[in-house]
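Descriptive analysis of the structure
Each chain, letter by letter, is given below.
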Amino acid sequence: MDSMVDNRKALLTLIILLSVLIAGSIMIFGIPDRPSITRPELYDDFDTGAFNPDKWAITKEGDTGEWIVDVIDRNPEEDDYRLRMGMDTIGTRDDTVKYLGVRSVKSVDLNNERRISFDVDWNNQSNGCYLTASFILCPTITDGNPENENEWVKFEYVGVPPGKNARAVISSKSDGSINYLFMEDWPSQKTGREIGNQRIEIILNDGVIQVSENGTELYQSKDSAIEFTSAHVYLQMSSHSNYPFRDIYFDNLIAA
Ligand SMILES: [Ca+2]
Ligand SMILES: [Ca+2]
C-alpha cells in the first residue's frame with residue numbers, strides 16, 4: 001500500500017516537473033507550432049527617406065542629359081517618400097531611346113502564387129509623349145535595359161501624343177521574341193486616357209498573370225505567360241530624345 005502511494009507521489013512529482021519544464025520552454029522558445037509571420041519577399045515603402053543600395057541597383061542605357069534616381073518627399077504637409085527617376089534628353093542622339101531605372105538586388109521566387117503590387121505616379125505630365133513607366137520581372141541581371149534580355153514580363157504606361165494621356169501595355173518576351181498580351185485597343189484607339197497615381201497589382205500563379213489597376217482587373221492571361229520561376233523586379237522609365245527633364249515616381253512595392 002505504501003509503495004503504491006510512493007509511486008503516485010513520484011508520478012505526481014514527475015508530472016509537475018514536466019509541466020514546469022514545458023511551461024519554461026514555452027516562455028523561452030515561444031508557443032510551438034504558432035504560424036510564423038511570413039515576411040514579404042520584397043518590400044520598400046521608401047519611408048526611410050533614402051535610396052537603399054542594399055535593396056536596389058541603378059540601371060541605365062543610352063545617352064541623357066541630367067538624370068536622377070533617388071528617394072524624395074513629395075508632400076509638403078506630411079512625409080510622403082517615394083522612389084523618383086527622372087531625365088532630361090535635350091540634345092541627345094535622335095536614334096536611341098534612353099532608359100533609366102532600378103533593379104531589385106534580391107530575386108523574387110515565383111514558384112508559388114505571388115502577389116506583387118506597387119504605386120506608379122505618372123506625375124501629371126504636361127508632355128508625356130513617348131515617356132514610359134514600366135514594371136518588369138526578368139530572371140537575369142543587367143545594369144542596362146532589361147528589355148534587351150531574353151525573358152521577361154512587363155507592365156507599362158506609355159505616353160500618348162499630344163502628351164497628357166497614357167495607355168497601359170502588358171507584354172512578355174520568351175526566347176527573345178516579344179508577345180503583346182494587352183494593348184488597350186491600340187492602335188484603333190489612339191487617345192489614351194488620363195492616369196494619376198496608380199495602384200497596380202500583379203498576381204502570378206503557375207505562370208498565369210493577372211493584372212489589376214486601382215482595384216479593377218485589366219487583364220488575365222488564359223495560359224501560362226512566363227516560364228521563369230524567379231525574377232528580379234525592375235522599375236524603369238524611358239524617353240526619346242529632346243524632352244526637358246521629366247520624372248515619375250514609384251512607391252509601396254510589395255512582393256508577397
Ligand atoms: Ca512611401
Ligand atoms: Ca513632406
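Just so we're clear, the structure is a prediction, and the values are computed from it rather than from any experiment.

Quick notes on the rules
- Starting from 1, residues in each chain are numbered consecutively following that chain's sequence as written.
- Chain labels run from A onward and ligand labels from 1 onward, assigned in the order the entries are written.
- Note on the predicted model: pLDDT of at least 70 is required for a residue's local features to be given, and 80 or more for side-chain atom pairs to be given and counted; whole-chain, interface and lining totals, by contrast, use all residues.
- Note that the domain bounds were set by an automatic or database domain assignment.
- Secondary structure elements follow DSSP: runs of H or I of four or more residues count as helices, runs of E of two or more count as strands, with numbering from the N terminus.
- Counting other C-beta atoms within 10 Å of a residue's C-beta gives its exposure: the residue is buried at 20 or more, exposed at 12 or fewer, and partly exposed in between, where C-beta atoms are placed from the backbone.
- This entry defines residue contacts through backbone-placed C-beta atoms, with two residues in contact when those atoms are within 7 Å.
- Paired strands, as defined in this entry, are two strands with at least two bridges between them according to DSSP.
- Residues of type Ala, Val, Leu, Ile, Met, Phe, Trp, Tyr and Cys that are buried and joined through C-beta atoms within 7 Å form what is called a nonpolar core.

For the rest of this paragraph, the subject is the domain arrangement of the protein. By a widespread convention, an interface's size corresponds to the accessible area lost as its parts come together. Each domain of the protein was delimited in the assignment, giving domain 1 (1-34) and domain 2 (42-255). Just the C-alpha atoms count here: the centres of domain 1 and domain 2 sit 59 Å apart.

Next up on the list: the environment of Ser-239. Its location among the elements puts Ser-239 in strand 15 (residues 230-239). Residue classification places Ser-239 among the buried positions, given that 26 C-beta atoms sit within 10 Å. Spatially, the C-alpha atoms of Ser-239 and Val-97 are 5.9 Å apart, while their sequence positions differ by 142 residues. Not counting residues up to four positions away in its chain, the partners in contact with Ser-239 are Met-87, Thr-89, Lys-98, Tyr-130, Leu-131 and Arg-246.

In terms of burial, strand 11 (residues 177-182) is largely open, as just zero of its six residues are buried. Summarising the sheet, strand 10 (residues 165-174) and strand 11 pair through five bridges and their orientation is antiparallel. Looking at strand 11, one finds that Ser-174 is bridged to Ser-177. What sits between strand 10 and strand 11 in their antiparallel hairpin is a turn of two residues, with Asp-175 showing a positive phi close to 50°.

The next point concerns the environment of Ser-104. With respect to the element layout, Ser-104 can be found in strand 5 (residues 98-104). A C-alpha to C-alpha distance of 4.7 Å links Ser-104 and Trp-56, two positions 48 residues apart in sequence. Apart from the residues lying within four places of it in its own chain, the contact partners of Ser-104 are Leu-42, Lys-55, Trp-56, His-232 and Val-233.

Moving on: unusual backbone geometry. Of the consecutive residues Pro-161 and Pro-162, the connecting peptide bond is found in the cis state with omega at 5°. Positionally, Pro-162 belongs in the loop between strand 9 (152-160) and strand 10. Note the cis peptide between Trp-186 and Pro-187, where omega equals 5°. Among the structural elements, Pro-187 can be located in the loop between strand 11 and strand 12 (197-205). For Glu-184, which is not glycine, the phi dihedral falls at a positive 50°. Among the secondary structure elements, Glu-184 is positioned in the loop between strand 11 and strand 12. The class for Glu-184 is partly exposed, based on 17 C-beta atoms found within 10 Å.

Attention shifts here to the pairing of strand 16 (residues 246-255). Counting buried residues along strand 16, eight of its 10 residues qualify, which places the element largely inside the surrounding structure. In this sheet, strand 16 lies alongside strand 1 (residues 42-44) in antiparallel orientation, the contact comprising three bridges. Bridge pairing links Asp-44 to Leu-253 in strand 16. Bridge analysis of strand 4 (residues 81-87) against strand 16 gives five bridges, and the strand direction is antiparallel.

If you look at the biggest cluster of nonpolar residues, it comprises 46 residues, and the most contacted ones within it are Leu-83, Leu-137, Tyr-157, Ile-209, Leu-235, Ile-248 and Phe-250. At six residues, the largest contribution of residues to this core is made by strand 9. In this structure Phe-250 touches Arg-82, Leu-83, Phe-118, Asp-119, Val-120 and Leu-235, once residues within four positions along its chain are discounted.

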